[in-house]
Amino acid sequence: DAGVTQSPTHLIKTRGQQVTLRCSPKSGHDTVSWYQQALGQGPQFIFQYYEEEERQRGNFPDRFSGHQFPNYSSELNVNALLLGDSALYLCASSLETGEETQYFGPGTRLLVL
Amino acid sequence: AQSVTQLDSQVPVFEEAPVELRCNYSSSVSVYLFWYVQYPNQGLQLLLKYLSGSTLVESINGFEAEFNKSQTSFHLRKPSVHISDTAEYFCAVSEWKAAGNKLTFGGGTRVLVKP
């Protein structure tokens, strides 16, 4: 049973650039959430996608956007990168109905120079 | 709005000694509670969860946590730790709403098990 997968594992960008991170949910899951984990801190909720729509959003600027595809996979896009966007970006998947548990992928570590 | 406080940022402990990681939450509605573990350079792994029923929940590797509604706490315990338990532990809550079940995390507790 494949778990949550994310790509790439690491990424280095410069300020002002744009980045796209990808996530494939656990088999059978239909909901994808994205979190940002800065160094030494707990993860912060960015947004959640269900049925290809953004259903819930945390306190992140519009520079952060996403997409969910018909196969439930998802992308996180960040425009106009800032140094402060350097973090581990975690994707989590869950099932809309049933147990209320999110399962996390290994993350993408983004470094903005 | 919900919030989670993990009272200890670091907990050093000797191998085979007990450990307790404290977690308190604030929420105006009923919550689900979770403990996740993060090993160095990895994602989060679910350790255990409380959704309903018995307030004492256990994991397969010897951890347990007890939901205390009156004290709004969900402390994590293990009677005897191993070197392999060295990791960062995160407490999280979610409020079930029609619009989704986002997780709110605490700041984490780093456990360092010494031989």
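Computed from a prediction, not measured in an experiment: that's the story for all the values here.

> So what exactly am I meant to see when it comes to the sheet that holds strand β1 (residues 5-7) of chain A here?
All names here are of chain A. The sheet built from four strands is open, its strands ordered β1-β3-β8-β7 with antiparallel pairing. Either end of the sheet is taken by a strand with one partner, and the two such strands are β1 and β7 (64-68). The average angle at which neighbouring strand axes cross in this sheet is 20°, direction not considered. Examined bridge by bridge, strand β3 (residues 19-24) and strand β8 (residues 74-78) share five bridges and lie antiparallel to one another.

> Before we go on, may I ask you to explain the pattern of salt bridges in this structure?
Oppositely charged side chains may form a pair once their charged atoms are brought near each other. Residues and elements named next belong to chain B. All chains considered together, the criterion is met by seven salt bridges over all chains. For the salt bridge of D85 with K78, the shortest nitrogen-to-oxygen distance reads 2.8 Å. Among the ionic pairs, R110 bridges to E88, the shortest N-O distance being 3.0 Å. A residue pair is termed long-range when its members are at least 10 positions apart, and R110 in strand β12 (residues 109-114) and E88 in strand β10 (residues 87-94) qualify at 22 residues. The exposure class assigned to R110 is partly exposed, which follows from its relative accessible area of 41%.

> Is there a simple way to think about a nonpolar patch on the surface in this case?
Residue and element names in this part refer to chain A. Taken together, I12, L111 and L113 make up a surface patch of nonpolar side chains, about 310 Å² in accessible area. For L113, the position within the fold is in the segment after β11 (108-112). With a relative accessible area of 54%, L113 lands in the exposed category.

Reading the values: rules and limits
- Every chain begins its residue count from 1, and numbering advances along the sequence as written.
- Throughout, the order in which chains and ligands are written sets their labels, letters from A for the former and numbers from 1 for the latter.
- Thresholds applied to this predicted model are a pLDDT of at least 70 for local features of residues and 80 or more for the giving and counting of side-chain atom pairs; totals over whole chains, interfaces and linings are not thresholded and use all residues.
- In computing side-chain properties, one takes all heavy atoms of the structure into account and sets aside hydrogens as well as water.
- Here a strand pair is declared whenever DSSP counts at least two bridges between the two strands.
- Helical segments are the DSSP runs of H or I of at least four residues, strand segments are the runs of E of at least two, and each set is numbered from the N terminus.
- Note on geometry: axes are C-alpha line fits, over the in-contact stretch for helices, and angles between N-to-C directions span 0 to 180 degrees.
- Think of a salt bridge as a Lys or Arg side-chain nitrogen and an Asp or Glu carboxyl oxygen that are within 4 Å of each other.
- The buried label applies to any residue whose accessible area, calculated with a 1.4 Å probe on protein chains only, is under 20% of its type's maximum; exposed applies above 50%, and partly exposed to all values in between.
- A patch consists of residues exposed above 30% relative accessible area that lack any salt bridge, with like charges linked at up to 9 Å and nonpolar side chains (Val, Leu, Ile, Met, Phe, Trp, Tyr) linked at up to 5 Å.
- Accessible surface area values rest on a Shrake-Rupley calculation with a 1.4 Å probe, where residue burial reflects the displayed protein chains alone.

Treat this as a map of the structure, not an account of what it does.
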